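A structural walkthrough
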Amino acid sequence: MTRIHFNEVVTRDGFQIEPGFVPTDAKVALVDELSECGYAKIEVTSFTSAKAIPMLRDAEEVMGRIRRVPGVEYTVLVPNVRGAERALESRADELNLVMSTSETHNLANLRMPREKSFAGLKDVIVLAAGQVPVNVSLSTCFGCPMEGEVPQDEVLRWADRFARLGVRGLTICDTTGMAHPAQVARMAQALRERFGALQLTLHFHNTRGMGLANVLAAVQAGIVRFDGSLGGLGGCPYAPGASGNISSEDAVHMLQAMGYDTGMDLERLLAVARRLPQIVGHDVPGQVAKAGRSTDLHPAPGSVAELRRAFM
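Structure report, in brief.

What counts and how
Residues numbered from 1 in each chain as written. Predicted model: local features only at pLDDT ≥ 70, side-chain atom pairs only at ≥ 80, totals over all residues. Heavy atoms only, no water. Buried < 20%, exposed > 50% of the residue type's maximum accessible area, 1.4 Å probe, protein only. Helix = DSSP H or I, 4+ residues; strand = E, 2+ residues; numbered from the N terminus. Contact = heavy atoms within 4.5 Å. Axes fitted to C-alpha atoms, helices over the stretch in contact; angles between N-to-C directions. Parallel < 35°, antiparallel > 145°, perpendicular 65-115°, else oblique. Left-handed = near helix turned anticlockwise from the far one by under 90°. Nonpolar A, V, L, I, M, F, W, Y, C, P; charged D, E, K, R; others polar. Pairing = 2+ DSSP bridges. Core = buried A, V, L, I, M, F, W, Y, C linked by side-chain atoms within 4.5 Å.

Turning next to helix α10 (residues 248-257). The buried fraction of α10 is high, at 8 of 10 residues. Those residues of α10 not exposed but buried are S248, E249, D250, A251, V252, H253, M254 and L255. Where α10 is buried, its residues meet β1 (5-8), α9 (211-220), β8 (225-228), α11 (266-280) and α12 (288-291). With its phi angle positive at about 100 degrees, G259 sits one or two positions after the end of α10.

Helix-helix packing is described using two parameters, namely the angle between the two axes and the distance between the axes. In the contact formed by α10 and α11, the axes pass within 10 Å of each other and the chain directions differ by 155 degrees. With respect to α11, the element α10 is oriented roughly antiparallel. The way α10 lies across α11 gives a crossing that is left-handed. Of the residues in α11, those in contact with S248, E249, V252, H253 and Q256 of α10 are L266, L269, L270 and A273. When grouped by side-chain class, the residues that make up the contact of α10 with α11 number 5 nonpolar, 3 polar and 1 charged.

Turning to the pairing of β1, a few remarks are in order. Strand direction decides the pairing type here: β1 and β8, joined by 4 bridges, are parallel. In the sheet register, E8 faces β8, and the bridge partner there is G228. Here β1 runs beside strand β2 (residues 41-46); their pairing, made up of 2 bridges, is parallel. Opposite E8, over in β2, you have I42 as the bridge partner.

Among the nonpolar cores identified, the biggest contains 88 residues, and L95, F162 and F226 are the most heavily contacted of them. Among the elements that line this core, the one with the most residues is α11, at 7 residues. Apart from residues no more than four positions distant in its own chain, L95 is found in contact with T75, V76, V78, A84, A87, V124, A128, V132, P133, V134 and N135.

Below is the structure:
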């Protein structure tokens, strides 16, 4: 059956909005543990200014201390040329660039119009050429909480502009969890038809409880790469009350139960996920780490044996 590839984003997308700073030692140890779980990529951190994202102010130290496992790509988010220079000095395997397909969301989140974002990211792509591959994550592709619907053609237009610049991959993001499976299936088909030569990744949030359903719709439409966040950490400040990203371990569990090859060591991943609440100091949304796998059986109550004998 089809091989599915997972990217882990907890130490960047998850930790960046945590209320308390996650210690550097804990970040390094967590990345090292995740590196043994079978991920294709781990988005380790963000080379954004410490003033903008204080929770990731230790980006250089984390990148310098992690143990790099062959076969795992260690990617980082960069907002501009200066961030890209820092990332290259830290030996990032890939640069991940972000902008929104919604003008309002881009103004709110990045404090600039889309065209200005595009121009700045183009400079990063030029800088990275011949050094490391570039992935572009397009936010609010399935809807904006301020504008509403973002037309699929608008998403494809921005995707095409970046594809023409020679990026290796595109991540299509449901930033505030507005997507539904039928919409995802249409988007996935259009992406594969137009950008089949690129690494195509889908990034879902579970804001309205449809995260795993959207993953399944995308898989059935031929998408084989997904972002996930351990424990379901993360979220967006423009989706009040929202839960975070899809839980990596929940998505892996679902697909493995259905017979898909994820390349992931689920038992090891669940062991790491069960330690996450201690790292962040609060409960997390992920479910399988709490309930166990569907194949994990439990002893029957003692009364069952008596009933068996009574009805034999």
